[in-house]
Amino acid sequence: MSDLTHFDPGGAARMVDVSAKPETFRLAVARGAVEASPETIRLIGSGGASKGDVLGVARLAGIMAAKKTADLIPLCHPLPLSEASVSFTLDAARGRVEIEARVKTAGRTGVEMEALTAVSVAALTIYDMVKAADKGMKITEIRLISKEGGRSGSWRRPGEPESDPAA
């Protein structure tokens, strides 16, 4: 377990001490999707769902989740985020809502968990808001796309398309 930093030498869980690390710019991008019937995707895009603006609510839920990640994931550090954004791409023909979260901070530890949490909660919110129309939806492919900053530097998942930095 020597490479797993969330365990002490005896194997007990611990919060990693980052106090000696320098503050650096950190960015993480995560993606995921909600698969649903083409009719459900059109309903989401039209704004006609009975619970209201599905994507607007899901965007806010994802941003709020990024800010609350340390409350949800036991060993995450609470971080002062400088940006958290969530965007969506609807593809009715394929029956998908693509979700992307971008999270930034200047800190001693990365924001990968915050980006992944934002995508996860945005997807759960979409499901919740239209489950009456389509109980067969599937939340899928939640993954880290890229990260910048810190001791390990930049990393990008091979084969993933670039995201719009202005998004």
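This one's a predicted model, so the numbers in the text were calculated from it and none came from an experiment.

Asker: Whenever I open this one, the side chain of Arg 31 confuses me. Can you help?
Answerer: Along the chain, Arg 31 turns up in strand 1 (residues 24-35). On the basis of relative accessibility, which here comes to 8%, the residue Arg 31 falls in the buried class. A distance of 2.7 Å separates a polar atom in the side chain of Arg 31 from a polar atom in the side chain of Glu 100.

Asker: So what exactly am I meant to see when it comes to the layout of surface pockets here?
Answerer: Picture a little ball the size of a water molecule; that probe, rolled over the atoms, points out where space is still empty. Taken as a whole, the largest pocket encloses approximately 690 Å³ of empty space. Together, 24 residues line the largest pocket, and Thr 5, His 6, Lys 21, Thr 109 and Gly 110 are the ones closest to its centre. At 3 residues, the largest contribution of residues to the lining of the largest pocket is made by helix 4 (residues 112-130). Of the residues assigned to the lining of the largest pocket, the class counts are 8 nonpolar, 8 polar and 8 charged.

Asker: Before we go on, may I ask you to explain the side chain of Arg 143 in this structure?
Answerer: With respect to the secondary-structure elements, Arg 143 resides in strand 4 (residues 138-148). One polar contact links the side chain of Arg 143 to the main-chain carbonyl oxygen of Glu 141, over a distance of 2.6 Å. If we skip the residues at most four places from it in the chain, Arg 143 touches Ala 30, Arg 31, Gly 32, Leu 116, Arg 157 and Glu 160.

Asker: I'm lost on the environment of Gly 153 in this one. Help?
Answerer: Tracing the backbone shows Gly 153 in the loop between strand 4 and strand 5 (155-156). Exposure remark for Gly 153: the relative accessible area of 21% places this residue in the partly exposed category. In contact with Gly 153, not counting residues within four places along its chain, are Lys 147 and Glu 148.

Asker: What exactly am I supposed to notice about the sheet that holds strand 3 (residues 96-107) here?
Answerer: Strands pair in a sheet through their backbones, by hydrogen bonds, and they do so in one of two ways: parallel or antiparallel. Within the open sheet, the 5 strands sit side by side as 2-3-1-4-5. Their pairing is antiparallel. The open sheet has two edge strands with one neighbour each: strand 2 (81-91) and strand 5. Bridge analysis of strand 4 against strand 5 gives 2 bridges, and the strand direction is antiparallel. By the bridge assignment for strand 5, Ser 146 is matched with Arg 156. Along the sheet face, helix 1 (residues 38-46) touches strand 1, strand 2 and strand 3 and points at about 130° away from the line of strand 2.

Asker: How do you make sense of the pairing of strand 2 when you look at a structure like this?
Answerer: Across a regular strand the side chains alternate sides, sitting on one face of the sheet and then on the other. Two strands pair when backbone bridges link them, and strand 2 and strand 3 are joined in this way by 10 bridges, in the antiparallel orientation. Paired with Thr 89 across the bridge in strand 3 is Glu 98. If you look at the hairpin formed by strand 2 and strand 3, you'll find 4 residues sitting between the two strands, and Gly 95 has a positive phi there, around 65°.

About the criteria used
- Residues numbered from 1 in each chain as written.
- Predicted model: local features only at pLDDT ≥ 70, side-chain atom pairs only at ≥ 80, totals over all residues.
- Heavy atoms only, no water.
- Helix = DSSP H or I, 4+ residues; strand = E, 2+ residues; numbered from the N terminus.
- Buried < 20%, exposed > 50% of the residue type's maximum accessible area, 1.4 Å probe, protein only.
- Polar contact = N/O pair within 3.5 Å; in protein donor to acceptor, adjacent residues only side chain to side chain.
- 1 Å grid on protein atoms, 1.4 Å probe; cavity = no way out; pocket = protein on both sides within 12 Å on 5 of 7 lines; lining within 4 Å.
- Points joined across faces, edges and corners; volume = space filled by probe spheres on them.
- Nonpolar A, V, L, I, M, F, W, Y, C, P; charged D, E, K, R; others polar.
- Contact = heavy atoms within 4.5 Å.
- Pairing = 2+ DSSP bridges.
- Axes fitted to C-alpha atoms, helices over the stretch in contact; angles between N-to-C directions.

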